[in-house]
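This is what each chain is made of:
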Amino acid sequence: MIKTLYEEIQARKKEPKEGSYTNYLFDQGLDKILKKVGEETTEVIIAAKNNQEELITETSDLIYHMLVLLAEKDVSLGAIKNELQKREGKLSKTKERKQIDEL
């Protein structure tokens, strides 16, 4: 499902459709897309404190806007998948995480 949505977003980028919200975001550029990602991130955090239905809705919005950002920056889902696979099965100690967080 996420792959299909990403492909639709990429298609809109290549072949704009009048009145499309996705094309509105692309037309407005990176700053607008980043603003929406930030807004949706905040809404996910707030929703997590409220109720599950709102969390699902806001997470869906965040995923959509993240996919628009990836398409804008020409980052493939394959690149994300590869990065996640590199991390699979790796354990880090809390001490190591604290050192990273301090950077």
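Scroll up to find the structure.
Here the structure is a predicted model, which is why all the values come from computation and not from measurement. (Residues numbered from 1 in each chain as written. Predicted model: local features only at pLDDT ≥ 70, side-chain atom pairs only at ≥ 80, totals over all residues. Heavy atoms only, no water.)

### What about the environment of Pro16?
Relative to the helices and strands, Pro16 is located in the loop between α1 (2-14) and α2 (21-28). Judged by relative accessible area, Pro16 falls into the exposed class, the value being 60%. Once the C-alpha coordinates of Pro16 and Phe26 are considered, the two residues, 10 residues apart in sequence, prove to be 9.2 Å apart. (Helix = DSSP H or I, 4+ residues; strand = E, 2+ residues; numbered from the N terminus. Buried < 20%, exposed > 50% of the residue type's maximum accessible area, 1.4 Å probe, protein only.)

### Topic: the nonpolar core
Core analysis: the biggest nonpolar cluster contains 14 residues, and Ile9, Phe26, Ile33 and Val68 have the highest contact counts within it. Where this core is concerned, the elements lending two or more residues are α1, α2, α3 (30-50) and α4 (52-72). Among the elements that take part in this core, α4 stands out by supplying 7 residues, more than any other. When sequence neighbours within four positions are dropped, the list of residues in contact with Ile9 reads Thr22, Phe26, Tyr64, Leu67, Val68 and Ala71. (Core = buried A, V, L, I, M, F, W, Y, C linked by side-chain atoms within 4.5 Å. Contact = heavy atoms within 4.5 Å.)

### Things to note about the pattern of salt bridges
Within this structure, the stated rule accounts for 5 salt bridges. Taking the shortest distance from any N to any O, the salt bridge between Glu39 and Lys36 comes out at 3.1 Å. Residue Glu39 and its partner Lys36 are both found in helix α3; the two are separated by 3 residues, about one turn of the helix. The class of Glu39 is partly exposed, set by a relative accessible area of 30%. (Salt bridge = Lys/Arg side-chain N within 4 Å of Asp/Glu carboxyl O.)

### As for the packing of α1 against α2
For the pair α1 and α2, interaxial distance at closest approach is 9 Å and the crossing angle is 60°. Here α2 runs oblique to α1, going by the angle between their axes. Our pair here, α1 against α2, has a crossing hand that is right-handed. Along its contact with α1, which presents Ile9, Arg12 and Lys13, the element α2 presents Thr22, Asn23 and Phe26. Among the residues forming the contact of α1 with α2, the class breakdown is 2 nonpolar, 2 polar and 2 charged. (Axes fitted to C-alpha atoms, helices over the stretch in contact; angles between N-to-C directions. Parallel < 35°, antiparallel > 145°, perpendicular 65-115°, else oblique. Left-handed = near helix turned anticlockwise from the far one by under 90°. Nonpolar A, V, L, I, M, F, W, Y, C, P; charged D, E, K, R; others polar.)

### Considering α3
Helix length check: α3 (21 residues) gives 30 Å between terminal C-alpha atoms against 30 Å at 1.5 Å per residue, within 8%. By the burial criterion, the buried members of α3 are Ile33, Lys36, Val37, Glu40, Val44 and Ala47. When α3 is viewed along its axis, its buried side chains cluster within an angular range of 100° and face the same direction. Turned more than 90 degrees away from the buried face of α3 sit Asp31, Ile45 and Lys49, all of them exposed. (Expected span 1.5 Å × (residues − 1). Arc of directions from axis to C-beta.)

### Here's the deal with the packing of α1 against α4
Between α1 and α4, whose axes approach to 9 Å, the crossing angle comes to 50°. Here α4 runs oblique to α1, going by the angle between their axes. The crossing of α1 and α4 is right-handed. The residues of α4 that touch α1, namely those facing Ile2, Leu5, Tyr6, Ile9, Gln10 and Lys13, are Ile63, Tyr64, Leu67, Val68, Leu70, Ala71 and Glu72. Classifying every residue of the contact of α1 with α4 gives 10 nonpolar, 1 polar and 2 charged.

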